[in-house]
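For reference, the chains in residue letters:
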Amino acid sequence: MARLAQTAGLTDIQQEILATVRNFVDKEIIPVATELEHRDEYPTEIVEGLKELGLFGLMIPEEYGGLGESLLTYALCVEEIARGWMSVSGIINTHFIVAYMLKQHGTQEQKDTFLPRMALGEVRGAFSMSEPALGSDVSAITSKGVKDGDEYVLNGQKMWLTNGGSSTLVAVLCRSDEGLPEGTAPHKQMTTFLVEKEAGFGEVRPGLTIPGKIDKMGYKGVDTTELIMDGLRIPANRVLGGTTGRGFYQMMDGVEVGRVNVAARGCGVAQRAFELGVSYAQQRHTFGKPIAQHQAIQFKLAEMATKVEAAHAMMVNAARKKDSGERNDLEAGMAKYLASEYCKEVVEDAFRIHGGYGFSKEYEIERLYREAPMLLIGEGTAEIQKMIIGRRLLEEYRFQG
Ligand SMILES: Cc1cc2nc3c(=O)[nH]c(=O)nc-3n(C[C@H](O)[C@H](O)[C@H](O)COP(=O)(O)OP(=O)(O)OC[C@H]3O[C@@H](n4cnc5c(N)ncnc54)[C@H](O)[C@@H]3O)c2cc1C
């Protein structure tokens, strides 16, 4: 099934990587995804398979042992993986955000220390901005890093860490307003700390606790956690980039990659929902014919497929823009917004096509229906995307009167 979501202008290598990933998804992910999801079980074997395929190093430069591929290649792989099971794409997303932030902003020593092991999947990344009292309003962060000799002492509580338990390197955004003049803008008071830890739950390093998995309606399998810092001591050379006060910009740069990723996930989940809907519609009969022969259902399929195409095109455009080295916040915001909204709508239409059976846990669409809403929230809600899009449009179309 390859008529929809084609991408023009891919290199032979990109096509080869995508064919390999698609084959892996069809053989190793789709057959087990729903069962693992219902058990909320971490997909250990799938993750090992991804390591063997080299996917943890996909975007990490070759000099550090990765494949040195573009954001576009990565996004297209994520789309394929999310078509199989969205949670698996979540496992690699935060890893890539952290690897990307290291590549773009890390000191040479930080790159040398982490990127080769990240490329192998030995070190696994998570990133942490959100706190119990804030997600959208990053400037309100209260977690704090205070300098003490050659170290920083971190205190605070973080929330919603994707891969919080399974990761071994967390990029944590804290306030670190050492010696700054009164009235310094909040985003200039922030620093990203690279926090190494053991995988698992409980006290994973002195002063650092990962309490346990948050029980979620969907996006199961992948662990989502809190993180509590209580006198956590971090050496000064684990400030990302070596200089304090740049964390907000570093995180926003990483989040742009994350937004393309979430758009790609929306595309993948929507594609799967379309595949399930179009297949079921040809098998289920009512009033003497397959429901696909009723015009109302054909119209649904037409709308679903159009949304799949539109979301894919915008996601590809956003990825290519970032790959070109240009600012892509407008394109990434639009792609994330559109793909997540369309995903929710396409999944709902596929659910409706399934009639009562869509409500049964035996049918894959039931899982997709619980997974799609996360995309409306993660990496910035629809309202936040619209704020970014609106501001950028006003910059671009400034009234000259
Ligand atoms: C499964 C899952 C995984 C996650 N993983 C991570 C992770 O790995 N790392 C991480 O740091 N965070 C993570 N998050 C957190 C996620 O980024 C936040 O939930 C998200 O940014 C929204 O923040 P919030 O939940 O605090 O909602 P709030 O910011 O409280 O927003 C609540 C509502 O108000 C709206 N709103 C807020 N401000 C405005 C405004 N100015 N104008 C109009 N409307 C507004 C929002 O759009 C939303 O509808 C994850 C969340 C989930 C659910």
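What counts, and where the lines are drawn
Residues numbered from 1 in each chain as written. Predicted model: local features only at pLDDT ≥ 70, side-chain atom pairs only at ≥ 80, totals over all residues. Heavy atoms only, no water. Helix = DSSP H or I, 4+ residues; strand = E, 2+ residues; numbered from the N terminus. Buried < 20%, exposed > 50% of the residue type's maximum accessible area, 1.4 Å probe, protein only. Contact = heavy atoms within 4.5 Å. Areas by Shrake-Rupley, 256 points an atom, 1.4 Å probe, with all protein chains shown as cover. Domains from an automatic or database assignment. Buried area = accessible area lost by both parts, 1.4 Å probe. Salt bridge = Lys/Arg side-chain N within 4 Å of Asp/Glu carboxyl O. Polar contact = N/O pair within 3.5 Å; in protein donor to acceptor, adjacent residues only side chain to side chain. UniProt positions renumbered as here; feature names shortened; annotations may be inferred. Phe/Tyr/Trp six-rings, centres within 6.5 Å; stacked < 30°, edge-to-face > 60°. Near = heavy atom within 4 Å. Nonpolar A, V, L, I, M, F, W, Y, C, P; charged D, E, K, R; others polar.

## Considerations on the overall build of the protein chain
Okay, step 1: When helices and strands are counted, the protein chain shows 10 helices and 10 strands.
Okay, step 2: Seen through its C-alpha atoms, the protein chain measures out along the principal axes to roughly 80 × 60 × 40 Å.
Okay, step 3: Looking at the protein chain as a whole, 56% of its 401 residues qualify as buried.
Okay, step 4: Taking the contacts inside the protein chain whose residues are at least 6 apart along the sequence as the reference set, 75% of them involve residues at least 24 apart.
Okay, step 5: Here the protein chain displays about 17300 Å² of accessible surface, and carbon together with sulfur accounts for 52% of that area.

## Structural notes on the domain arrangement of the protein chain
Okay, step 1: Taken as a whole, the protein chain is organised into domain 1 (12–119), domain 2 (125–245) and domain 3 (249–396).
Okay, step 2: If you average the C-alpha positions of domain 1 and of domain 3, the two centres end up 20 Å apart.
Okay, step 3: In this assembly, 28 residues from domain 1 lie in contact with 32 residues from domain 3.
Okay, step 4: In total, domain 1 and domain 3 occlude about 2600 Å² of area from one another, counting both sides; carbon and sulfur atoms represent 62% of this.
Okay, step 5: For the pair domain 1 and domain 3, the number of links is two salt bridges.
Okay, step 6: Residues R83 and E275 are paired through a salt bridge, measuring 2.9 Å at the closest nitrogen-oxygen approach.
Okay, step 7: Where domain 1 packs against domain 3, one counts 16 residue pairs in polar contact (both at pLDDT 80 or more).

## Observations concerning the UniProt feature "domain: Acyl-CoA dehydrogenase/oxidase C-terminal" (unreviewed entry) in the protein chain
Okay, step 1: Mapped onto this numbering, the UniProt entry gives "domain: Acyl-CoA dehydrogenase/oxidase C-terminal" (unreviewed entry) at residues 245–394.
Okay, step 2: Helix and strand shares over residues 245–394 are 79% and 3% respectively, and the end C-alpha atoms of the span are 28 Å apart.

## Some words on the packing of aromatic side chains
Okay, step 1: This model, assessed by the stated rule, comprises seven aromatic pairs.
Okay, step 2: Measuring from centroid to centroid gives 4.5 Å for F351 and Y369, while their planes differ by 35°, and the two rings are tilted. With F351 in helix α8 (residues 329–353) and Y369 in helix α9 (residues 364–377), this residue pair connects regions lying 18 residues apart in the sequence.
Okay, step 3: Classification of Y369 as partly exposed rests on a relative accessible area of 36%.

## Quick notes on the UniProt feature "domain: Acyl-CoA oxidase/dehydrogenase middle" (unreviewed entry) in the protein chain
Okay, step 1: As annotated by UniProt and renumbered to match this structure, "domain: Acyl-CoA oxidase/dehydrogenase middle" (unreviewed entry) occupies residues 126–230.
Okay, step 2: As a span, residues 126–230 carries 0% helix and 46% strand, and end to end its C-alpha atoms are 19 Å apart.

## A word on the site of the ligand
Okay, step 1: Taken together, 16 residues form the shell around the ligand, and within it S130, S136, W160, T381 and E383 come nearest.
Okay, step 2: Between the ligand and M129, the relevant distance is 2.8 Å, taken from an oxygen atom to a main-chain nitrogen or oxygen of the residue.
Okay, step 3: One of the side-chain nitrogen or oxygen atoms of S130 is found 2.8 Å away from a nitrogen atom of the ligand.
Okay, step 4: For the ligand, whose free accessible area comes to 970 Å², the fraction covered by protein is 64%.
Okay, step 5: Sorting the residues of the shell around the ligand by element identifies β1 (125–128), β3 (151–162), α9 and α10 (382–396) as the ones contributing at least two each.
Okay, step 6: The element that contributes the greatest number of residues to the shell around the ligand is β3, accounting for three residues.
Okay, step 7: For the shell around the ligand, the per-class residue count stands at nine nonpolar, six polar and one charged.

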